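# Working through the structure, step by step
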Amino acid sequence: MSDELRVKSIKIRVTPDELTQLKAKADRQQLAPFMRDYCLGADVPQRRRVPPKLDPEFARHYSNALNNLNQLTQRVHRHYNNQPFEELNLLAELQTIRAEIEGLKKYASHD
């Protein structure tokens, strides 16, 4: 796109059905920029894929597992930066997180 300002406008008339079709093709984009880009041969962005809705219970457990992993990582960096750490404590924490993730896999596969 050039740095030149857009100062000219074009007005077109369409039927209600045509407007509906244009809006459907624009797929929630602003209609005027979509039409300009489309007519001038610019790459028109593809439709965005709507992410699937997550079960709130699954999202909560997933968030908890990731939060635990993040806290463990922060703890390792903060407390054991220049000193040896207790591998058994770390392994126990990792086992807990692994169990949570396995539980999430089972929960997600039952849908």
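Residues numbered from 1 in each chain as written. Predicted model: local features only at pLDDT ≥ 70, side-chain atom pairs only at ≥ 80, totals over all residues. Heavy atoms only, no water.

## Notes on the layout of surface pockets
Quick note on the threshold: Whether a set of points on the 1 Å grid over the protein atoms alone is a cavity depends on a 1.4 Å probe fitting there but being unable to get out, while an open set qualifies as a pocket with protein on both sides within 12 Å along at least five of seven lines; lining residues are those with an atom within 4 Å of a point. Grid points are joined across faces, edges and corners, and a volume is the space filled by probe spheres set on the points. Strands here are runs of E lasting at least two residues and helices are runs of H or I lasting at least four, both read from the DSSP assignment and numbered beginning at the N terminus. Amino acid classes used here: Ala, Val, Leu, Ile, Met, Phe, Trp, Tyr, Cys and Pro are nonpolar; Asp, Glu, Lys and Arg are charged; the rest, including Gly, are polar.
Empty space within the largest pocket amounts to approximately 470 Å³. Elements that contribute at least two residues to the lining of the largest pocket include exactly α1 (16-26) and α2 (31-39). Among the elements that line the lining of the largest pocket, the one with the most residues is α2, at 5 residues. The residue inventory of the lining of the largest pocket, partitioned by class, reads 10 nonpolar, 1 polar and 4 charged.

## Let's talk about the packing of aromatic side chains
Inclusion rule: Pairing of aromatic side chains here covers Phe, Tyr and the six-membered ring of Trp, requires ring centres within 6.5 Å, and sorts the geometry by plane angle: under 30 degrees stacked, over 60 edge-to-face, intermediate tilted.
By the definition in use, this model includes 2 aromatic pairs. Judged by centre distance (6.0 Å) and plane angle (15 degrees), the rings of Phe58 and Tyr62 are stacked. With Phe58 and Tyr62 both in helix α3 (residues 56-79), this residue pair falls 4 residues apart, about one helical turn.

## Observations concerning a nonpolar patch on the surface
Selection rule: Only residues above 30% relative accessible area that lack a salt bridge enter a patch, with like-charged residues linked at up to 9 Å and the nonpolar side chains Val, Leu, Ile, Met, Phe, Trp and Tyr linked at up to 5 Å. The Shrake-Rupley method, run with a 1.4 Å probe sphere, supplies the accessible areas, and residue values consider only the shown protein chains as cover. Each reported salt bridge corresponds to a side-chain nitrogen of Lys or Arg within 4 Å of a carboxyl oxygen of Asp or Glu. Summary of the burial criterion: residues with accessible area below 20% of their type's maximum are buried, those above 50% are exposed, and those between are partly exposed, where the area comes from a 1.4 Å probe applied to protein chains only.
A cluster of nonpolar side chains, contributed by Tyr62, Leu66, Leu69, Leu91 and Leu94, occupies part of the molecular surface with about 440 Å² of accessible area. At the level of secondary structure, the elements contributing two or more residues to the nonpolar patch comprise α3 and α4 (87-109). Per-element accounting of the nonpolar patch gives the leading share, 3 residues, to α3. With relative accessibility at 41%, the residue Leu66 sits in the partly exposed group.

## A word on the pattern of salt bridges
The full count for this structure, using the stated rule, is 1 salt bridge. For Arg60, the salt bridge goes to Glu57, with nearest N and O atoms at 2.8 Å. Within this pair, Arg60 and its partner Glu57 are both found in helix α3, separated by 3 residues, close to a single helical turn. Overall, the relative accessible area of 43% leaves Arg60 in the partly exposed class. Taking the relative accessible area as the measure of exposure, Glu57 reaches 34% and is therefore partly exposed.

## Observations concerning the packing of α1 against α2
Where we set the bar: Axis definition: a line fit to C-alpha positions, over the contact stretch in the case of helices; interaxial angles, taken between N-to-C directions, run 0 to 180 degrees. For this classification, under 35 degrees means roughly parallel, over 145 means roughly antiparallel, 65 to 115 means roughly perpendicular, and everything else is oblique. Residues are treated as being in contact if the distance between any of their heavy atoms lies within 4.5 Å.
Viewed as axis vectors pointing N to C, α1 and α2 meet at an angle of 80 degrees, and their least axial separation amounts to 10 Å. Between α1 and α2, the angle falls in the class roughly perpendicular. When α1 is examined against α2, the residues Leu19, Leu22, Lys23, Lys25 and Ala26 are found in contact with a partner set consisting of Leu31, Phe34 and Met35. Here the contact of α1 with α2 is built from residues that sort into 6 nonpolar, no polar and 2 charged.

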